[in-house]
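Each chain, written out:
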Amino acid sequence: MTVIAAAAAAPPLPALRRAASAAVQLLRFARLQVHCCLFAAAIFAGLAVSTAVPLPLPRYDALLVFGLVLTAVFYLLRLETGREVAVIFGFHLVGLALELFKVQMGSWSYPQEAWTKVAGVPLYSGFMYAAVGSYICQAFRRFDLRISSFPWIPAAALAVAAYANFYTHHYWPDLRWVIAAGFVVVLWRSRVLFAVGPRRYAMPLSLSFVLIGFFLWVAENAATLLGAWQYPDQSQIWQMVHVGKWGSWALLVSLSFVLVAAVKSQEGRFYGDAGAVPSVERPG
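1. Brief notes about the overall build of the protein
When helices and strands are counted, the protein shows 10 helices and five strands. Long-range pairs, those at least 24 residues apart, make up 74% of the contacts in the protein between residues at least 6 apart in sequence. Split by element, the accessible area of the protein, about 14900 Å² in all, is 72% carbon and sulfur.

Encoded structure:
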């Protein structure tokens, strides 16, 4: 009777197989994410090392050289294509423009001295935004991303509005929540399809922006702890970045996604073939 009871209490074999399969898929997903984050991880490694190792030149200048070398290495190792490097350079310029404005407005600062500072902004800072672009480019390739029912015109317009709002909210009402609601509406039918091993999965595209924004907020906390930049309330002692920045990052990801998606669409790697499982098609 004890043997029979033990056998009845044991989980069925199909359930064990499903659990093992789920664990394998989770590990595959984590491994792919690590590969997608290689550029960002290298930038963080540079930030960490530069706080502990004596440098022959100012820290911000050394980080700029490191970022340029890192970009060249990624290209030479074919981790980034020529088009992707161009997109990442575009991210650098977009990020620098925002940095120049925000530093002048007192939103944050770079207190250390450097030769390569322009209006208080070290040129290396653009690599923080370039790391976001690199992640999205890598994700398209490593997860074989495809997008369904993507509304190009309204999504691009909202992405531009989100970027503009980072400037205009200093003078006019802050519209970030209005823009965020707009994204939820226009992307309601949009799904991002991604492959993990032999299986493909789907999730709402707007949800992916929120999730990436959360991890960027976590990364921002780590970056400010390492002295990458400094918010006014961190001048005396470090403290966590306000959780409201999560939403700001999610909106910035929208612009990042539109820029990378434009390149992937030209490469024929944005939409999937009709009839695929799951089906990915152009919006009708």
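2. As for the side chain of aspartate 61
Within the fold, aspartate 61 resides in helix H4 (residues 59–76). Of the buried charged residues, aspartate 61 lacks a salt bridge, with lysine 117 as the closest side chain of opposite charge at 9.2 Å. Here threonine 116 takes part through its side chain, which lies 2.4 Å from a polar atom of the side chain of aspartate 61. Every residue in contact with aspartate 61, bar those within four places of it in the chain, is listed here: Ala114, Trp115 and Thr116.

3. Side note on unusual backbone geometry
Despite not being glycine, alanine 119 shows a phi value in the positive range, around 50 degrees. Along the polypeptide, alanine 119 turns up in the loop between strand S1 (117–118) and strand S2 (121–122). The class of alanine 119 is partly exposed, set by a relative accessible area of 45%. Backbone geometry places serine 149, a non-glycine residue, at a positive phi of 50 degrees. Note that serine 149 resides in the loop between strand S3 (146–148) and helix H7 (152–168).

Cut-off values and rules
Within each chain, residue numbers correspond to sequence positions counted from 1 in written order. Totals for whole chains, interfaces and linings use all residues, but because this is a predicted model, local features are given only for residues with pLDDT of at least 70 and pairs of side-chain atoms are given and counted only at 80 or more. Side-chain measures were taken over the full set of non-hydrogen atoms in the model, leaving aside hydrogen atoms and water. A helix here means a DSSP run of H or I that spans at least four residues, while a strand means a run of E at least two residues long, and both kinds are numbered starting from the N terminus. By the convention used here, residues are in contact when the closest approach between their heavy atoms is within 4.5 Å. To be clear on the numbers: accessible area is Shrake-Rupley with a 1.4 Å probe, and residue cover counts the displayed protein chains and nothing else. Note on classification: 1.4 Å probe, protein chains only; a residue is buried when its accessible area is under 20% of the maximum for its type, exposed when over 50%, partly exposed between these limits. In summary, the charge assignment counts Lys and Arg as positive and Asp and Glu as negative, without counting His or the chain termini. We count a salt bridge whenever a side-chain nitrogen from Lys or Arg sits within 4 Å of a carboxyl oxygen from Asp or Glu. In the analysis that follows, any N or O atom pair within 3.5 Å is treated as a polar contact, provided that within protein one partner can donate a hydrogen and the other can accept it, and provided that, for residues neighboring in sequence, both atoms belong to side chains.

All quantities given are derived from atomic positions and should not be read as evidence of function.
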